[in-house]
Each structure stands twice: as structure tokens, then as C-alpha cells.
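If you want the building blocks of each chain, they are given just below.
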Amino acid sequence: MDAKARNCLLQHREALEKDIKTSYIMDHMISDGFLTISEEEKVRNEPTQQQRAAMLIKMILKKDNDSYVSFYNALLHEGYKDLAALLHDGIPVVSSSSGKDSVSGITSYVRTVLCEGGVPQRPVVFVTRKKLVNAIQQKLSKLKGEPGWVTIHGMAGCGKSVLAAEAVRDHSLLEGCFPGGVHWVSVGKQDKSGLLMKLQNLCTRLDQDESFSQRLPLNIEEAKDRLRILMLRKHPRSLLILDDVWDSWVLKAFDSQCQILLTTRDKSVTDSVMGPKYVVPVESSLGKEKGLEILSLFVNMKKADLPEQAHSIIKECKVSLIGALLRDFPNRWEYYLKQLQNKQFKRIRKSSSYDYEALDEAMSISVEMLREDIKDYYTDLSILQKDVKVPTKVLCILWDMETEEVEDILQEFVNKSLLFCDRNGKSFRYYLHDLQVDFLTEKNCSQLQDLHKKIITQFQRYHQPHTLSPDQEDCMYWYNFLAYHMASAKMHKELCALMFSLDWIKAKTELVGPAHLIHEFVEYRHILDEKDCAVSENFQEFLSLNGHLLGRQPFPNIVQLGLCEPETSEVYQQAKLQAKQEVDNGMLYLEWINKKNITNLSRLVVRPHTDAVYHACFSEDGQRIASCGADKTLQVFKAETGEKLLEIKAHEDEVLCCAFSTDDRFIATCSVDKKVKIWNSMTGELVHTYDEHSEQVNCCHFTNSSHHLLLATGSSDCFLKLWDLNQKECRNTMFGHTNSVNHCRFSPDDKLLASCSADGTLKLWDATSANERKSINVKQFFLNLEDPQEDMEVIVKCCSWSADGARIMVAAKNKIFLWNTDSRSKVADCRGHLSWVHGVMFSPDGSSFLTSSDDQTIRLWETKKVCKNSAVMLKQEVDVVFQENEVMVLAVDHIRRLQLINGRTGQIDYLTEAQVSCCCLSPHLQYIAFGDENGAIEILELVNNRIFQSRFQHKKTVWHIQFTADEKTLISSSDDAEIQVWNWQLDKCIFLRGHQETVKDFRLLKNSRLLSWSFDGTVKVWNIITGNKEKDFVCHQGTVLSCDISHDATKFSSTSADKTAKIWSFDLLLPLHELRGHNGCVRCSAFSVDSTLLATGDDNGEIRIWNVSNGELLHLCAPLSEEGAATHGGWVTDLCFSPDGKMLISAGGYIKWWNVVTGESSQTFYTNGTNLKKIHVSPDFKTYVTVDNLGILYILQTLE
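Every value quoted in this text rests on a predicted model; they were computed, and no experiment measured them.

## A few points about the overall build of the protein chain
Phase 1 of the analysis: Secondary structure assignment for the protein chain yields 32 helices and 64 strands.
Phase 2 of the analysis: Scored against the burial criterion, the 1200 residues of the protein chain give a buried share of 57%.
Phase 3 of the analysis: In the protein chain, the proportion of contacts linking residues at least 24 apart, taken out of those at least 6 apart, comes to 52%.
Phase 4 of the analysis: For the protein chain, the accessible surface area stands at approximately 51300 Å², while carbon and sulfur atoms represent 47% of it.

## Remarks on the nonpolar core
Phase 1 of the analysis: Formed by 141 residues in total, the largest nonpolar core has its most connected members in Leu381 and Phe413.
Phase 2 of the analysis: If you tally residues by element for this core, the top one is helix H25 (residues 475-488), at 10 residues.
Phase 3 of the analysis: For Phe413, the residues in contact, after removing those within four places along its chain, are Leu370, Ile374, Tyr377, Tyr378, Leu381, Leu418 and Leu419.

## Brief notes about a negative patch on the surface
Phase 1 of the analysis: A surface patch of like charges, here negative, comprises Glu402, Glu404, Glu405 and Asp408.
Phase 2 of the analysis: Structurally, Glu402 can be placed in the loop between helix H21 (392-399) and helix H22 (403-415).
Phase 3 of the analysis: Judged by relative accessible area, which is 54%, Glu402 ranks as exposed.

## Focus on the sheet that holds strand E11 (residues 613-618)
Phase 1 of the analysis: Strand order in the open sheet formed by 4 strands is E11-E12-E13-E14, and the pairing between neighbours is antiparallel. Lying at the two open borders of the sheet, with one neighbouring strand each, are E11 and strand E14 (644-649). Pairwise comparison of adjacent strand axes, ignoring direction, gives a mean angle of 15° for this sheet.
Phase 2 of the analysis: Across 5 bridges, the pairing between strand E13 (residues 633-638) and E14 is antiparallel. Following the sheet pairing, Gln635 is matched in E14 by Glu647.

## With respect to the confidence of the model for the protein chain
Phase 1 of the analysis: On average, residues of the protein chain score 84 in pLDDT, and 87% of them are at 70 or above.
Phase 2 of the analysis: With pLDDT under 50 throughout, residues 94-104 is counted as low confidence; its partners more than four residues away or in other chains account for 20 contacts.

## Section: the packing of aromatic side chains
Phase 1 of the analysis: What the rule picks out here adds up to 27 aromatic pairs.
Phase 2 of the analysis: A centroid spacing of 6.3 Å and a plane angle of 5° characterise the contact between Phe521 and Phe539, whose relative ring orientation is stacked. Taken as a pair, Phe521 in helix H28 (residues 515-523) and Phe539 in helix H29 (residues 525-550) lie far apart in primary sequence, 18 residues in all.
Phase 3 of the analysis: Using a relative accessible area of 0% as the deciding quantity, one classes Phe521 as buried.
Phase 4 of the analysis: Site record: aromatic cluster; members linked through ring pairs are Phe459, Tyr477, Trp478, Phe481 and Tyr484.
Phase 5 of the analysis: When the ring centre of Tyr431 is taken as reference, the NZ or CZ atom of Lys389 above it lies at 5.3 Å.
Phase 6 of the analysis: Over the aromatic face of Trp1154 sits the side chain of Lys1152, whose NZ or CZ is 5.2 Å from the ring centroid.

## Things to note about helix H13 (residues 220-234)
Phase 1 of the analysis: Taking 1.5 Å of rise per residue, the 15 residues of H13 would be expected to cover 21 Å, and the 20 Å separating its terminal C-alpha atoms lies within 8% of that figure.
Phase 2 of the analysis: Listed in full, the buried residues belonging to H13 are Ala223, Arg226, Leu227, Leu230 and Met231. Taken end-on, H13 shows its buried residues confined to a sector of 130°, consistent with a single buried face. Turned more than 90 degrees from where H13 packs its buried face, Glu221 and Arg233 sit exposed.
Phase 3 of the analysis: Tucked into the core, H13 has its buried residues touching strand E2 (182-188), helix H12 (192-206), strand E3 (239-245) and helix H14 (248-253).
Phase 4 of the analysis: Measuring from the side-chain oxygen of the N-cap residue of H13 to the backbone nitrogen of Glu221 gives 3.2 Å; that N-cap residue is Asn219.

## Considering the pairing of strand E18 (residues 686-690)
Phase 1 of the analysis: By the bridge criterion, 4 bridges tie strand E17 (residues 676-680) to E18 in an arrangement that is antiparallel. Bridged to Ile678 within E18 is His688.
Phase 2 of the analysis: Linkage of E17 to E18, two consecutive antiparallel strands, is achieved through a turn of 5 residues, within which Gly684 is found at a positive phi near 80°.

## Some points on the pattern of salt bridges
Phase 1 of the analysis: Applying the stated criterion to the full structure yields 38 salt bridges.
Phase 2 of the analysis: Note that Lys234 and Asp207 form a salt bridge whose closest N and O atoms lie 3.2 Å from each other. On the criterion of sequence distance, the pair formed by Lys234 in helix H13 and Asp207 in the loop between H12 and H13 is long-range, its members being 27 residues apart.
Phase 3 of the analysis: Since its relative accessible area comes to 28%, Lys234 is described here as partly exposed.
Phase 4 of the analysis: In this structure Asp207 comes out as buried when scored by relative accessible area, which is 6%.
Phase 5 of the analysis: Lys1020 is paired through a salt bridge with Asp1032; the nearest N and O atoms lie 2.8 Å apart. In this pair, Lys1020 is assigned in strand E48 (residues 1018-1023) and Asp1032 in strand E49 (residues 1029-1034), connecting sequence segments 12 residues apart.

## Here's the deal with the environment of Leu711
Phase 1 of the analysis: Residue placement: Leu711 occurs in strand E20 (residues 710-715).
Phase 2 of the analysis: Overall, Leu711 belongs to the buried group, its relative accessible area being 0%.
Phase 3 of the analysis: Contacts of Leu711, omitting those with residues within four sequence positions, involve Ala668, Val676, Ile678, Cys700, His701, Phe702, Lys721, Leu722, Trp723 and Leu725.

## Looking at the side chain of Glu17
Phase 1 of the analysis: By secondary structure assignment, the location of Glu17 is in helix H2 (residues 13-19).
Phase 2 of the analysis: Those residues in contact with Glu17 that lie beyond four places of it in its chain are Gln50, Ala53, Ala54 and Ile57.

## Examining the sheet that holds strand E41 (residues 946-949)
By way of backbone hydrogen bonds, the strands of a sheet pair with one another, either parallel or antiparallel.
Phase 1 of the analysis: Spatially, 4 strands are ordered E38-E39-E40-E41 in an open sheet, and the strand pairing comes out antiparallel. Strand pairing shows two members of the sheet lacking a second neighbour, strand E38 (916-921) and E41, which therefore form its edges. On average, each strand axis in the sheet is tilted by 20° relative to the strand beside it, whichever way the strands run.

## So, the side chain of Thr964
Phase 1 of the analysis: As for its position among the elements, Thr964 is in the loop between strand E42 (958-963) and strand E43 (969-974).
Phase 2 of the analysis: Residue classification places Thr964 among the buried residues on the basis of a relative accessible area of 11%.
Phase 3 of the analysis: With near-sequence residues (within four places) excluded, Thr964 lies in contact with Pro923, Thr969, Ile971, Leu1004 and Ile1024.

## Details of unusual backbone geometry
Phase 1 of the analysis: In the Ramachandran plot, Asn945 falls in the positive-phi region, its phi being about 60° despite a non-glycine side chain.
Phase 2 of the analysis: As for its placement among the helices and strands, Asn945 is situated in the loop between strand E40 (937-941) and E41.
Phase 3 of the analysis: Phi is positive for Glu967, close to 65°, though the residue is something other than glycine.
Phase 4 of the analysis: Of note, Glu967 is situated in the loop between E42 and E43.

## Re the packing of H21 against H22
Helix-helix packing: each pair is described by the crossing angle between the helix axes and the interaxial distance.
Phase 1 of the analysis: Closest axis-to-axis distance for the H21/H22 pair is 9 Å, and the angle between their directions is 100°. One finds that H21 runs roughly perpendicular with respect to H22. Side by side, H21 and H22 meet where Thr392, Leu395, Cys396 and Trp399 of the first sit next to Thr403, Val406, Glu407, Ile409 and Leu410 of the second.
Phase 2 of the analysis: In terms of residue class, the contact of H21 with H22 is made up of 6 nonpolar, 2 polar and 1 charged.

Calculation notes
Residues numbered from 1 in each chain as written. Predicted model: local features only at pLDDT ≥ 70, side-chain atom pairs only at ≥ 80, totals over all residues. Heavy atoms only, no water. Helix = DSSP H or I, 4+ residues; strand = E, 2+ residues; numbered from the N terminus. Buried < 20%, exposed > 50% of the residue type's maximum accessible area, 1.4 Å probe, protein only. Contact = heavy atoms within 4.5 Å. Areas by Shrake-Rupley, 256 points an atom, 1.4 Å probe, with all protein chains shown as cover. Core = buried A, V, L, I, M, F, W, Y, C linked by side-chain atoms within 4.5 Å. Patch = residues over 30% accessible without salt bridge, like charges linked within 9 Å, V, L, I, M, F, W, Y side chains within 5 Å. Salt bridge = Lys/Arg side-chain N within 4 Å of Asp/Glu carboxyl O. Lys, Arg positive; Asp, Glu negative; His and termini not counted. Charge placed at Lys NZ, Arg CZ, Asp CG, Glu CD. Pairing = 2+ DSSP bridges. Axes fitted to C-alpha atoms, helices over the stretch in contact; angles between N-to-C directions. pLDDT = per-residue confidence, 0-100. Phe/Tyr/Trp six-rings, centres within 6.5 Å; stacked < 30°, edge-to-face > 60°. Lys NZ or Arg CZ within 6 Å of the ring centre and 35° of its normal. Expected span 1.5 Å × (residues − 1). Arc of directions from axis to C-beta. Polar contact = N/O pair within 3.5 Å; in protein donor to acceptor, adjacent residues only side chain to side chain. Parallel < 35°, antiparallel > 145°, perpendicular 65-115°, else oblique. Nonpolar A, V, L, I, M, F, W, Y, C, P; charged D, E, K, R; others polar.

Given below as C-alpha cells:
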């Protein structure tokens, strides 16, 4: 490289390294022959974009002047005009002796040979397809100078001709394999006279000095002989290129014992000729990136700057045609896209480089070439959707034929490039390209309804919708497209019957999940609403709110889910009907008898991630939702249906936040890897990477104005930073928080930036000056809630502004608060997530908002419902008495009211207000008792509301209280390690002292005895009349978490945090059996009624059933699921056997019933919340009562 060029490159090296993306630059240089594959690999191995650019420039500096020119041309091609301008003055004079053309990168020898042979020049806009060109060159090399055929095969418009011409632009190939030259003939669709003219013209070109004949051949046979002689004698070892061959009889005319390269749509044309044959198939589309590259070259823009319509035009696959038009009319993006989407091809004037008057004429000619007896079968394919791969079995049903017959017909279409075949092992799947679908639907538009009706009629002959089996080859096709065909056939009655069938919903969701079904309810709403608008809403709401369950494994019982719907719902009525039929066959189902009191505030619940969801956000138009989480991915899906649009492996570590830009073009993500990245929201392409925070970046948010787009980020380094997307470095840094910044949000007018921190505050900043304006201490609002005081660390996770800026929403723990920003008063709160809420965000119009959580779900809420919601939330410490046909529940609500609830009628009596930590009912419902966090105990007589208060107050929180059978004595246990036996009628108290730590619970035994257990690892037996400690069992090294007493009163069990359970005899101080095998804290245990079995449950969701007599493990009831997660959804907190010992119920993340004989699950009831603490079971094992962590009461009854 000369000094001037080298100095220019060194002078502008820094600017080049900052801005260029090397991948496409290198493609150009490799194509020109100035960069090798090994050099390209060396550049790609550099870790960052800037380092890759630096390595490429370092290599160029060591090369010659031609490399400088090639680099300069590559910059121009890729849209880096400003950078190319910097290098312009350094362009060296390339000496002619090098032989290389500085523009095209080919030698003068190649240029001369191709020019003489009539090979077309590169198109104005040219994109390299190196792999295909290499494949063609390899096949040509295999001919080794002997006669043979290389076929480039593909559908119309896929670039076969350009590839053929590009393959011979190679010096070594021409010199080594075809020293006799290259001769190009554009064949096309010909009759005999047209073919004769083509042959005469070729013979004239090959015999310009007329040394072989003074006249033209008079017929095809004479022309064929003349061509053979010319190729053998005058042009040995030359290559004949036949472009666009349609018929085998045409090809035979050129069979002159020479080397031939041909392009065709019908790969069977070479069946009629002899000799070695090689085929290079060309894909039906360029691919997204190549398509964008072509458009960018046509309109002279960088790929990143192309409008959104560019991506849609590529999907429509008319890239070159539209690109050529946009070059003349650069403002017509929207117009041309609309015409393409409306299939108005003839309104779009053709590109001058295309051979046919209209885009669909080429397809018409191909179809006309089909045999008459199979043309109608091709018409039948008009009902297929774009790029959908259809199993052979579907078409066997459509045409009522055997597989072999169908495959023979379809192979004809494949040979003519009218259909594509994907072979997966032994099975064949066929698909149409977008162009072919467009052509067929436009040509056969008047027949489409009948064609769709035909496939439905044929389907009904062979299948019942809900009986499709996953192992059937055509199963997936029908599940995905049956509704589409019914709607297109205007078979509205059949469509409604299908979509309003619980059997169909069960079968389809089990196989493909709920999102596609929700999409169909939205897509065909206008049809479904004709039948019954309410029914359509019932099913769509059922799918939307249970989507997170329907997408999980093991698949839930959809009939049981349906029984939880309102009784007026069609879903409930179908579920009830099915359940009753199945109950007769021994199936277990539960009715939620108090469900009418529950209001569902969520509109959609989705589960797009495989781990915790840290953030979700709306696009500006409200149509899309982006989410990110612990699985390191960015997901984009439809807001209405939950259908996935994009999935990106975004970072090397957990992705903590994501945000759409105001114009919806970009999505920002930030991660534990300390990086901030900007992505193209439509394609998923990476646009920018920022790396200035010193700790993990927790949050990001764009300004609401697109005029001057700014991005705010907050980090665990306690700082907020502002970024300008046009700059490479941070614009401003905000100081003030004393702990991690968890979240940030610009106000609607962009004047303020709100930030939330682990320091417990919400701060408002001036976005221009970066000064702090306000600070709200959110922690204080938790001080009077029900959370234990020792768990009072309050980290404010996130916030979101309403559209008018008057309200701001904040999430902390699993709660969501809505505040008025001026008065700082709370407007509403809502609960629904099962774990920590990480993100909240209003929709653009404020009508709804998103929340994302550790529970792997994203919830969409209706703002009006939440603000108007007055639902009562209960604490989980409840007591239940089952009396004849009555179910009475004593509970405390979130505003400290003690209430007595009739489980059958729903009637609620509000008794008193108190700071209650536990409560209980007397056996005959005469009295209630409650204890508080200060140790006080009170008894309320229900008849006259008289209150009796104990003088003998505990020193700390009361955890458990219980009346004796005669209701005269109340027993309580506490954090103060003491048990009190209070004869409240005589006002006397006996103190049972001996435990060293908290006594959480106890059980009454016969003969005035009491069994207690404690955090101190001991279990003690007391006489409650004398107060004497009669027995003291040192049971475990760790905390004793639960005990149960056998029904014959001879044994008891103990479970512990040391991961063991033990079986004891009251007569011995050593255990009968130590039960090992649990891998987590063993939290609960229960004896069967006959005292022969013991069930234990642990914190991993695992349940074990043991033989009491020998300590042998009989069953492991909750093995791990396929995903490796425990199937019980969390800790197992309570267990109870049925009276006959054949069934076991367990409480944990939800409620499960188990078959004790087999150890298999009989039924699962999914509560709205989770973390159930206790399940109260009626003596006949038919009624069950519990409260979840959202404060929802469940009174369940077995369906009979």
C-alpha cells in the first residue's frame, strides 16, 4: 500500500473503529478476493465490535492498494458514505498490471471472457450469496472437462440467473476448467420456431468467421449438429450456460456433448438427457438479513435506518421488485406495502429488469405446463397458508387417496418449482412459498370458500376434533388450522361448536398451549359473537386467566379448572356436565362453593419464561409486550393473546429490565452482566451496547418524546445514568440513593425521573438538571400491616406513572400500591402474584397495567377494576368447625376485623376489631377466642357479645389457642415458650413451663393430657389439671416443626428442620423408627385412621408414605416434574388421610389429592394464590377449607 493511502487509513482509524460493523464489510472484501476465510475468522473471534473493526483495519494496513480500494467500495455499499468520504483522498492509482478491476474485483481476463460470451453484468443492486456461488463452482469443477450438466433449480424470482453469472466471475475457474470460454443463452418459454432462432443465433456467435458454414441451419436437428461440431472443434472445453429452461425437449436440442450450466424451475428437465448431472437447489427466499441489505442498497440507506415497512416487505418476498420502485419513489414505503398485502400485484409496475409483464405471469405459465389431470389438485392448495409445512396425511384426507398416490402428484409440483418439500426422516412435509400462495389466492379467489369447505368435509369423514392423537402425523396441522379452514369456509355453526367445546380446548391446549387458542378467539370474534357474545367471552377469559397453568407440566385437569369458573359461565356448565359423568366412574372433582364472592381483577396471565420474570412493558401502541428474566432472554408477545413474536438470548447473565422506545423501533435491556443493550424491536438485531456501570444494571427507561430520545438506567452502584442514543458515552449521572437503584421512570412530560431504591425510598429527579426534587419513604406504609416486624426490610422494586402524571404505582414485596403524586395518598392496592413482584407498568392509555413476578407469570390488570375493588383479604390463621351440614369459619381480615363466616350461605358476622395473631371457635360454637402479638387473650361469647379477658397475659405473640371439649378451659402457646391452661369461667390459670424456645402448637390427648412441641427440639407430655410434665422427649437436633398423634393414641410422629421424621411410642423415650430420605425440612406429618400409615411432607414439595410398623417407605407421592421442579408448587404444609385410608390430601403451593394405594395424584385444585398453611378437612372427607396467601377463602366440596 502506498504511503498516501496508508496515512489516510491511519489518520481516520479511530473513527472507522468506532462505527463500522465488520461482518458485511468482510463479505464484500472476500467476494473481491482481498480477504481470506481464515482472516475473516480471526476478526470474528475478537470479543467486541470495536475490537473486530480494529483487527480488520490492522490487516488492511498490511495489504496492497487494491485492498484499500475494496475496503473503500465496501463502505459505500454498506451505507457508510461519511466514512468512505474520509478515505476518498487516499484512494491510490491501481496499476493495470495487477489485472484486477478496482470496482468489481475481477480480472480483465474474466471481464473479456464474460463480455464475449454474453454473460449479463451484475445487477445495479447486488448482494453476495457466497455459499451458493461456491456450491455451483464446486459442481462445475466436478465436470473435469467432460460433457455433463449442472442444474441451478428454484422458483421464479429466487435469483438463479444472477447466481449462474456470478459463479463464472472467477479467474481460476475459467482458466482451469473452461479455457474455451463461456457462452450464455437466455432460453425461456419457447415453441419450435423460437427455439430454432435461439440455436441459429448461438451458432452465429460461435462461428463469427463463418469458417464452418455460409448459411444458417434450417431446422432444429441441423442446428443441433452444427452446435455439436462448433463446440467440439472451435470451442473445446468451453461452458454453455442455458438460462431459464422450461422443457426437456428444448434441453435436448442443446445436448451437444459439451459442458452445460442451466437454470430452471423444473428440475426434471434433465431426465431426458445423458451424462453426469449435478443439482444446486436455491432457497425460495433471500433471508431477512440479505433482504434488508438489498433494500438498503436500493434506497441508499443504512440497514439500521430502514423504516418498519422494510421488514414487512421482506416478509412479502418482493424485495427486488419493490426496491427498484423505491429507488425512484423513496416515499412510497407504505403505499407499496399496502398493495403487496392486498395482493394488488398488477397495480405495482414491474421492475425493468424482470422478464414478465406482471409478477404472477411467470406462475401462470408454470401452472399451465402441468398435466391436465393434476391441475385441479394444485388449485386445492390455494387454502394453505404461507410457509406452513403440511404433512402428506392431510392431503391424503383432502383427496381421499393413498399416501403413494399423493406423493406422486406432489412430486410433479415440486419438480416444477410450484411446491417445496421438506423431508424429515421418513415423513414428507410440503409447503408453498409466499409468492405461490399470493398467486393461488388471487387466481382462485372465487373458489376459496368451497375449497375450504371441501377440506372440512373430508376432515369430518376421517376424524372427530377432540379425538386426534399426538402420534398421528396430521394431528398438529388440524389443531393449528381447523378453525382457520372453518372460518374461511364460512361454516359458522361448526366453528362455534368447535371453539365452544371444552373437549377441543383441553385437547389443543395440552398439545400447543393456550396462546394460539386465545388468538383464534380474537381473530374470529366477529363470527363467535354472532352465536353468543357472552359464551365467547367466557371461553376467552377462561383461557386468558388460566394460561399460566395450561402451559405447564404436568398438564392440569381442565375440567377441574372449569369448575372454578362462575356458575353462569358456559365453561362451568360444560365442566360440570363432564365432571358428573366422570365421577360415576370413580373420578374426584371439587366444587368451590363460595367462589361467587371472588372478583378476578386480572385480564390475562401468561408464562413466557422458564424462570422468574423481572420486568414486562408495553409497546407505545399497546399491541406488544416485552419481558425479560432470570432465563437471560428477552421475549416479545402480543398483548391481547400472549402469542410469542420474538425470543432473544439477550445477555450472558440474568436480564433485569427492558423498555420500548417511544416510536417502538427499539427495545433496551439491562443485565447482571453490567451491560445495557439496544435491540431492533421487529427483527431482534443488536443495535448498541453500553458498558459504563460498575455493578449490575437493574432498570432502564426511554423518554416519552421521540424528538430527542434519551435512555435512563439505574444500577446497584447506586447511580442513575442518562444516555443519548446518538452518543457513545453517558450524558449525565444522578447521585442520591444510598442503596441499589431498582427502577426508574420518566414522567409523561419527561420533566421528572422517578427512581425506586433498596434504601426504601421513591425519589423524583429533575431530568434536565439531574437534581433531586422529592423523596417518599415507602417503608413506613408497611409498619402497620400484618407482616412480622422482624421481616420489615422493605425494598421498593418499581414504579409506573399514569398517562396524566397524576398517579404513580409502586410495587414492594408481593403488593402493588397506587398513589396520588400530589397528596401522596394511597388510591388502591391489589394482589394476585404468588411471589415477589418485580415490575409494574401502565398501558399507554392507562386502562390497564402489567405486573411481572418471581412466580414466572406476567399479569395484565384492568385499572378501573383494581381501583374499584373492595375485596376482603383474610389472614391465613383461621379456625373451622364442621357441624352436621354446617361449615363455620372464624377469620381475621386485612383491616383487623374478626368475622364469622357461614361456609354454606356465605353470611358474614363481623364480631370485633383486634390485632389478632390466632383465633379459634369452641366446639359447640358458643364462644370464640383470639390472641394477639402482645400476648393478650380474649374470649367472646357469641350470644350476647360479652368479652372475657385473661389476666394471665403471655409475654410475646400467641401462636395457637384451643378450647377443651367442655368449652370451660382455653389453652394457649406462645413465643415466650410457655403454655397457659386458663379456666376462664373460674379465672384460674395453670402454667406449663419447661420449653426453652417458641411453642408454635400443641395437641390435646385423652385423660387431660397435652402434647406440645417446640423450636428447642423437644416434645413434652403434660397433665393440664396438675400442670405436671409427665414425659420429655428429646426428638431432634433442629426445630420440631410438627407432630401428629396416632388414632389409637399409642404413638406420635415428629418432623424437623433436620430433614428427618420420627415415630415414637408414648411408652419409650427412644424413637421406634427414624425416617430418612427427605432432602428438605420435613414440615408436616399425618397418621392414617387405622394407624398403619404415616405421611410426611417436606419443603421440596415431596410427600412420602411410610409403614408405621417397620418404618419402610411405601410411596413417593410428589416426584420431580420434567422441568426439574417439585410438582406440589412449594412447601408441603399439611396432610390428612381419608377415614378409609385410601386417599390423602396435601396442602402446599396448591391442594392435591393422592391415591394412597398407588401413590399417584388423583386431583389438583389450583388456588389463585399459594403458600397454603393448613387444610381443614370435614370428618367425612368431603369438605375442605383453606386460605391462600392472597387472603382468598376456599370452601371446597367433593362433587357427587
